[in-house]
Amino acid sequence: MEYPWYQSLTAHPDLQQGDFIINCPVIIPPETIDLEIIPEVVVNKMDAIILTQSCDLVNKNIDNILVCRYFSLSEFFNEIQTEQSLNAKRKKSVLDNLRKGHLVSYHLLNKQEGIFDDYLVVDFKNVYGIHRSTLSKIIKNSGTRVRLLPPYREHLSQAFARYFMCVGLPQDIAIEGY
């Protein structure tokens with residue numbers, strides 16, 4: 001049995017975890033905030049995916065919805081290439097670690113003909129909040145959008161939880177004499 005990864009939606013007003021938002025406006029806070037002055041903020045637009053749990057969205061338990069940026073696998077490798085040189089062997093190793101979930105700050109999603117022509121990478125390193133009413137307006141005006149389907153949506157949620165709950169130890173275990 002084959003399980004599709006994505007579903008195209010038209011005129012679908014509800015929001016769910018795993019919904020892709022094209023050109024989602026997110027507020028980038030300033031590096032420092034002077035409490036005496038109203039800060040200037042930057043609004044960037046990015047392709048984002050909703051990470052807030054669907055049950056919270058359906059029950060309207062929250063006003064601010066969590067989203068993370070996503071981009072194509074090609075863009076991912078272009079960004080890495082600027083940070084470090086990647087030969088074919090290193091690129092294969094990075095891809096294998098990404099596929100296995102060993103790069104916990106990223107999550108790999110499959111491509112699907114007619115919806116996404118390249119694999120997608122979700123970047124958990126920066127999480128943004130967008131108000132429900134703003135997101136609802138975007139959805140209403142967007143026409144068609146894409147939704148990540150189960151069980152892949154739950155797999156994304158689990159990967160985000162693993163990244164978010166990560167605990168850094170002050171000292172690693174030094175194994176000697178083995």
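Computed from a predicted model, the values in this text were never measured in an experiment.

1. Thoughts on helix H4 (residues 132–142)
Point 1. Those residues of H4 lying buried are Arg132, Leu135, Ile138 and Ile139. Within H4, the buried residues cover an arc of 125 degrees as seen down the axis, which keeps them to one side. In H4, the exposed positions angled more than 90 degrees off the buried face are occupied by Lys137, Lys140 and Asn141.
Point 2. Where H4 is buried, its residues meet strand S2 (20–28), strand S3 (42–50), helix H1 (54–58), strand S4 (64–72), strand S6 (120–131) and strand S7 (144–148).
Point 3. Of the residues flanking the end of H4, it is Gly143, one or two places downstream, whose phi is positive at about 80 degrees.

2. Remarks on the nonpolar core
Point 1. Of all hydrophobic cores here, the largest spans 18 residues; its most connected members are Tyr6, Phe20, Ile49, Leu109, Val122, Phe124 and Leu148.
Point 2. Contributing elements (two or more residues each) for this core: S4, S6, S7 and helix H5 (152–164).
Point 3. Not counting the four nearest positions on each side in its chain, Val122 is found in contact with Ile49, Cys68, Arg69, Tyr70, Ser105, Tyr106, His107, Leu109 and Leu156.
Point 4. Counting 15 residues, the second-largest nonpolar core is a separate cluster that includes Leu15, Val26, Ala48 and Tyr128.

3. What about a nonpolar patch on the surface?
Point 1. On the surface, a nonpolar cluster with roughly 270 Å² of combined accessible area is contributed by Ile27, Val41 and Val43.
Point 2. Topologically, Val41 is positioned in the loop between S2 and S3.

4. Things to note about the packing of aromatic side chains
Point 1. Here the structure, examined in full by the defined rule, presents 13 aromatic pairs.
Point 2. Centre to centre, the rings of Phe20 and Tyr70 are 5.0 Å apart; their planes meet at 85 degrees, and the pair counts as edge-to-face. One end of the pair, Phe20, is in strand S2; the other, Tyr70, is in strand S4, and 50 residues separate them in sequence.
Point 3. The class of Phe20 is buried, set by a relative accessible area of 3%.
Point 4. A relative accessible area of 5% places Tyr70 in the buried class.
Point 5. When the ring of Phe160 is compared with that of Phe164, the centres are 5.5 Å apart and the planes differ by 35 degrees; the resulting orientation is tilted. Of the two residues, Phe160 and Phe164 are both situated in helix H5; the distance of 4 residues between them amounts to about one turn of the helix.
Point 6. Linked through ring pairs, Trp5, Tyr6, Phe20, Tyr70, Phe116 and Tyr152 together constitute an aromatic cluster.
Point 7. Between Lys91 and the ring centre of Phe77, over which it is positioned, the NZ or CZ distance is 4.8 Å.

5. Considerations on the confidence of the model for the chain
Point 1. Residue-level pLDDT values for the chain average 91, and 98% of them are 70 or greater.
Point 2. Of all the helices and strands in the chain, helix H2 (residues 73–83) carries the lowest mean pLDDT, 83, while strand S5 (residues 106–109) carries the highest, 98.

6. Concerning the environment of Cys166
Point 1. Within the fold, Cys166 resides in the segment after H5.
Point 2. Separated by 62 residues in sequence, Cys166 and Val104 have C-alpha atoms that sit 9.0 Å apart.

7. Structural notes on unusual backbone geometry
Point 1. Across the junction of Pro150 and Pro151, the peptide omega takes the value 0 degrees, indicating a cis bond.
Point 2. Even without glycine at this site, Lys60 takes up a positive phi of about 55 degrees.
Point 3. Considering the arrangement of structural elements, one finds Lys60 in the loop between H1 and S4.
Point 4. The exposure class assigned to Lys60 is exposed, which follows from its relative accessible area of 60%.

Criteria and cut-off values
Residues numbered from 1 in each chain as written. Predicted model: local features only at pLDDT ≥ 70, side-chain atom pairs only at ≥ 80, totals over all residues. Heavy atoms only, no water. Buried < 20%, exposed > 50% of the residue type's maximum accessible area, 1.4 Å probe, protein only. Helix = DSSP H or I, 4+ residues; strand = E, 2+ residues; numbered from the N terminus. Arc of directions from axis to C-beta. Contact = heavy atoms within 4.5 Å. Core = buried A, V, L, I, M, F, W, Y, C linked by side-chain atoms within 4.5 Å. Patch = residues over 30% accessible without salt bridge, like charges linked within 9 Å, V, L, I, M, F, W, Y side chains within 5 Å. Areas by Shrake-Rupley, 256 points an atom, 1.4 Å probe, with all protein chains shown as cover. Salt bridge = Lys/Arg side-chain N within 4 Å of Asp/Glu carboxyl O. Phe/Tyr/Trp six-rings, centres within 6.5 Å; stacked < 30°, edge-to-face > 60°. Lys NZ or Arg CZ within 6 Å of the ring centre and 35° of its normal. pLDDT = per-residue confidence, 0-100.

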